[in-house]
Amino acid sequence: VEWLKEGGALAVQLLDRRQKKLALVLFDAITGARTNVHLEKAMDESSWVNLNDAFRVLEYIPGDKLRFLWASEGDGYRHLFVREANLSESSKDDFDSEQAYRVTGPGEFIVDDVVEIDMDGGFVYYMGTTPGKWLGRQLFRAKLKSSEGEDPECLTVQKGIHSCKVNVKSGIFVDSVSTVDHPTKVSLRSLDGAGDTLIDIYDAGAADSRVGQLKLKAPTFHVFPSTDGKVTLQSAVYLPDPNVYGPGPYPLVVATYGGPHVQYVCDAFGMMTADLRSQYLCENGFAVIKVDNRGSNRRGLCFETAIFGNMGELEIADQAAGVKYAIDKGYANPDKVAVIGWSYGGYMALKCLQDRPDVFNAAVSGAPVTDWTLYDTAYTERYMDLPSLNVEGYKKASALKNVQDIEGSLMLCHGLLDENVLFRQSSVLINKLIEHQKAYELQLFPSERHGPRRLQDRAFLEERILSFLQRSLNL
């Protein structure tokens, strides 16, 4: 919901429960009268509409016309368009907006966020990706009325994950960027030319002495095909010091999240290099791999919606493909493979142990969703549809379904104050484990919510995880 600057009107976006239709409507702030503007629909029944914050009013004449910037994933990738709607009395009930012209695309890249609109110059500034490259995020400038086939201009030539603030009037932008090789740097840059640096503002690598003291080793990026050959998967690999632990293969830990709207593998220092759990495991002789399976974020809607109605199948297959890749490359010992995940990753860890006991020997499952009928409706129904319309899908996706197939070692962790994934999710799993006489270890945190926050709890958890892995994999 947002106010329009003129005319006393509210612009409201309404999503239906199945999240396959998104309506943009105007309401008169005095009378409450509704005018339909635009209706965005999912690509098909096996898809959904992702929400975004790209809507911008470009021109508004009350009762006559609304011209606006709009983001759509109708061709499988989020791109920007300029649309126009007739607001006359005769059209108030019709979603009759028309596409005036395309701003970005088509192509295999996405618009993450709209940063700024330059109405005088006729540009839109946005954060996004370049075609086929998903590890980074750059600042781009595109013409609001672009010529067909004209590519947006990239203003941040350095690789990595950028976050930018633009001041069009002054012709400058603040650029915050990190890579796996260097923590965040902040600089003031020019919007003209190649984004020349005007002032270096901050360098976390120089400002924080811990960066040098810890001597964190950046992971390496790899790609490999999925088992079914339909997609190329991205991964990051952390290896122990060969001078200490030899050339490998090593015991392998799959670190996973695996759920929608998260990108786990990216060219960023905080998410990747400063992942202290992965660094800690490497220091103790483990190799670690992260894989962005199908269903994860920032690779387009087709990559995301492959899991629709059937959570926990393709994701597990893609993680198993990552293990195979690590084995084939000589990184991993196939007889000593564990998986660690929290939240959706906790669900993934359980499914890996149940569905692929031929691959995974041990699992650490933190705050897992064990039964999707017990989880938040807006989240779950976006990906699984309504329970009444996908009864078998919910049963199949449940981590309670194949508890009897668990062969490896399981550590279950949960905060008793978890307000996101309620402890009930673990308690129903524990009943199933007992029913099938499956041994498990339990780490409870009475004063923690969805993830341990207190220093003593975090340190205790990491020590327990390491001890569990060493015992479970016979190290």
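In what follows, the structure referred to is the one given above.
The present account deals with the structure reproduced in this document. (Residues numbered from 1 in each chain as written. Predicted model: local features only at pLDDT ≥ 70, side-chain atom pairs only at ≥ 80, totals over all residues. Heavy atoms only, no water.)

Details of helix α5 (residues 276-283)
What counts is decided by this rule: The cut-offs for exposure are 20% and 50% of the maximum accessible area for each residue type, with area from a 1.4 Å probe on protein chains only; residues under the lower value are buried, those over the upper are exposed, and the others partly exposed. Helix and strand assignments come from DSSP, with helices taken as H or I runs of at least 4 residues and strands as E runs of at least 2, each series counted from the N terminus. As used here, the arc belongs to the directions running from the helix axis to the C-beta atoms.
Regarding α5, the residues found buried are Ser278, Gln279, Leu281 and Cys282. Looking down the long axis of α5, one finds its buried residues gathered within 160° of arc, a one-sided arrangement. With its phi angle positive at about 95°, glycine 285 sits one or two positions after the end of α5.

Notes on the side chain of lysine 351
Note the threshold: Here, residues are in contact when the closest pair of their heavy atoms is within 4.5 Å.
Within the secondary structure, lysine 351 sits in helix α8 (residues 344-355). Those residues in contact with lysine 351 that sit more than four places away from it in its chain are Gly312, Ile316, Arg356, Lys396, Ala397, Ser398 and Ala399.

Notes on the packing of α5 against helix α12 (residues 455-472)
For the record, the criterion: Axes, fitted as lines to C-alpha atoms, cover a helix only where it is in contact. Angles between the N-to-C directions of the axes lie from 0 to 180 degrees. Here roughly perpendicular refers to angles of 65 to 115 degrees, roughly parallel to angles under 35, roughly antiparallel to angles over 145, and oblique to all remaining angles. The hand of a helix crossing depends on one turn: near helix anticlockwise from the far one by less than a right angle means left-handed, and clockwise means right-handed. Charged residues are taken to be Asp, Glu, Lys and Arg, nonpolar residues to be Ala, Val, Leu, Ile, Met, Phe, Trp, Tyr, Cys and Pro, and polar residues to be all remaining types, Gly included.
Interaxial distance between α5 and α12 falls to 11 Å at its minimum, and their mutual angle equals 40°. With respect to α12, the axis of α5 lies oblique. The two elements α5 and α12 cross, and the hand of that crossing is right-handed. For the pair α5 and α12, contact is made by Arg277, Tyr280 and Leu281 and by Leu461, Glu462, Ile465, Leu466 and Leu469, respectively. Taken together, the residues that form the contact of α5 with α12 break down as six nonpolar, no polar and two charged.

Examining the state of the cysteines
Just so we agree on the cut-off: Any two cysteine sulfur atoms within 2.5 Å of one another count as a disulfide.
Under the definition given, this model contains zero disulfides. We note that cysteine 282 lacks a disulfide partner, and the nearest cysteine sulfur, in cysteine 266, lies 17 Å from it. A residue is classified by how much of its surface remains accessible, and cysteine 282, at 8% relative accessible area, is buried.

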